[in-house]
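Listed here are the chains, written in short residue letters.
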Amino acid sequence: MIPLNWYMWLGGIVFCIGVFGFVTRRNIIIMLLSVEIMFNGVNISLVALSHYLEDLAGQVLVFFIIAVAAAEAAIGLALVILLFRNKETITVDDLNELKG
Amino acid sequence: MINKIFFFYFSAVIVAMSLMAITRRNVMHGVLYMLLLFFHIAGLYLFLNAEFISAVQVIVYAGAIMVLFLFVIMLLNLREDILKKQFIGTWPMGLVASAGILMVLLLSMLTVKTGEKGFWGIAQIESVTQTVAIGTTLYTQYLFPFEVASLVLLVAIIGAIVLAKKRLK
């Protein structure tokens, strides 16, 4: 039997890889991918807790997280297309009109 | 013993694939590594008796969201963007910050005390099958959040269409 902590450590590691990608990359598609990696880190912890606590609430929550992730990806990618149509780039550092 | 070997295989591949996904210069390669990552996470869910979530992970994440990413990348002409340096100049600061968060998470999980066990034990789930169990929970206890989730998806559909369509004269 694998201890619960191992699954939660794995979820934490995956979450922190997502945080690292989000703060260090400047490509907006990779930043969206990093958000998905963070979601998956949380999902691993939730499914593990759901199994070890014998309660299905965790899996239902994962279901909702996947629904929200799908919505977020659809709107985020629509924004990326809009951005590329107007600015011809997806590098976040080049988008500095509001600098003042 | 055998389940430990499988756990270490899946967790090693998950960590390696997520690291590869965020460090590739070409976005297309990153998305393909993400695809592998999602399949391995789905495999990990099978060990946690979550067949339904595992199938949803493959169908929705790998099948829908990642294919959407691939389509968008192929629509855009990213030849100039993939020639740029992939990390910002101060990336060690990001490394320190995320390593700090990781330390806090790992140490705090050492003292986790789980609460009381719920109703759906393995024997209970086996008597009705897993999909019935999760459906019962979803449509009775979590009915209102379920309806809200469908509203969120509707808003996302309308928002994506309004944002991405061309202006009509």
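Quick summary incoming for the structure in this document. (Residues numbered from 1 in each chain as written. Chains lettered and ligands numbered in written order. Predicted model: local features only at pLDDT ≥ 70, side-chain atom pairs only at ≥ 80, totals over all residues. Heavy atoms only, no water.)

**What about unusual backbone geometry?**
Applicable threshold: By the criteria applied, helices consist of DSSP H or I runs no shorter than four residues and strands consist of E runs no shorter than two, each listed in order from the N terminus. Only protein chains enter the accessibility calculation, which uses a 1.4 Å probe; a residue is then buried when its area is under 20% of its type maximum, exposed when over 50%, and partly exposed in between.
Even without being glycine, A:E88 reaches a positive phi, approximately 60°. Topologically, A:E88 is positioned in the segment after helix 3 (57-87). Taking relative accessible area as the criterion, A:E88 reaches 54% and is therefore assigned exposed. Phi angles above zero are rare outside glycine, and B:T129 is one such case at about 70°.

**Some words on a nonpolar patch on the surface**
Note the threshold: Here the term patch refers to residues with relative accessible area over 30% and no salt bridge, with like charges joined within 9 Å and nonpolar side chains (Val, Leu, Ile, Met, Phe, Trp, Tyr) within 5 Å. Areas reported as accessible are Shrake-Rupley estimates using a 1.4 Å probe. Residue values count occlusion only from the protein chains shown. What counts as a salt bridge is simple: a side-chain nitrogen of Lys or Arg found within 4 Å of a carboxyl oxygen of Asp or Glu.
A cluster of nonpolar side chains, namely B:L151, B:L154, B:V155, B:I157, B:I158, B:I161 and B:V162, defines an oily patch on the protein surface of about 670 Å² accessible area. Along the polypeptide, B:V162 turns up in helix 7 (residues 143-164).

**Some points on the pattern of salt bridges**
Residue and element names in this part refer to chain A. Overall, the coordinates contain two salt bridges over all chains when judged by the stated rule. Residue K87 pairs with E97 through a salt bridge whose shortest N-O separation is 2.6 Å. A residue pair is termed long-range when its members are at least 10 positions apart, and K87 in helix 3 and E97 in the segment after helix 3 qualify at ten residues. K87 gets classed as partly exposed once you look at its relative accessible area, which sits at 32%. Given a relative accessible area of 55%, E97 falls into the exposed group.

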